[in-house]
Amino acid sequence: MTTFAGAPVTLEGTRLKPGSIMPDFTVTDVDLAQIDPMKIEGTKIILSVPSADTPVCSAELAKFMHALEGTDVKLVSVSMDLPFALKRWMDMEQNDNLIATSDFKDRSFAKAAGVRMAENGLLARAVFVVNPAGEILYDEYVDEVTQEPDYDKALEAAGVKK
């Protein structure tokens, strides 16, 4: 069961599982371009589902970004934040290890990954590790949306040494 600030929420869509292929989805990057981050070739991807405008989510992105420095693993974030807010956050962080994207336009990712909370329309916190072939190596739908994910397990699945 997933909760948001202690209250149960209903996740819409299909829950993804390791061994399955990450479904196609399109999101908006900070320059307002429509992209499919899973088309990045030749590298593993940690796909993080936070909102950069909250302290816990901001901490999550920063921890992943710094853990991935010097690796070939890409970090992609998907949130409901507007691209303008994501760009402002990225400018403050000054880190090139993140591809920040928004699902605000058509909720393509929310539907594909089963992370949309029916009660508030936001995305539940989740982390996926995807290999270059698009196979999901690791998934975590965080039980309490206001809590951080298990960084160690995600990084281990991505082959990143701590």
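Rules behind the numbers
- Residues numbered from 1 in each chain as written.
- Predicted model: local features only at pLDDT ≥ 70, side-chain atom pairs only at ≥ 80, totals over all residues.
- Heavy atoms only, no water.
- Buried < 20%, exposed > 50% of the residue type's maximum accessible area, 1.4 Å probe, protein only.
- Helix = DSSP H or I, 4+ residues; strand = E, 2+ residues; numbered from the N terminus.
- Pairing = 2+ DSSP bridges.
- Salt bridge = Lys/Arg side-chain N within 4 Å of Asp/Glu carboxyl O.

(A) Broad picture of the pairing of strand β11 (residues 136–141). Counting buried positions over the six residues of β11 gives five, a clear majority of the element. Judged from the five bridges that link them, strand β10 (residues 126–130) and β11 form a sheet pairing that is antiparallel. Across the sheet, V130 pairs through a bridge with I136, a residue of β11. Here β10 folds back onto β11, and the loop between the two strands holds five residues, one of which, G134, carries a positive phi near 90°.

(B) The pattern of salt bridges, seen in detail. Under the counting rule described, the total for this entry stands at six salt bridges. A salt bridge links R125 to E60; its shortest N-O distance comes to 2.6 Å. Within this pair, whereas R125 is found in the loop between β9 (116–117) and β10, its partner E60 is found in helix α1 (residues 55–67), the two being separated by 65 residues in sequence. What makes R125 buried here is its relative accessible area of 4%. Among the salt bridges present, the one from K87 reaches D91, with a minimum N-O distance of 3.6 Å. In this pair, K87 and D91 are both assigned in helix α2 (residues 83–93), four residues apart and thus about one turn of the helix distant. By relative accessible area, K87 is classed as partly exposed at 34%.

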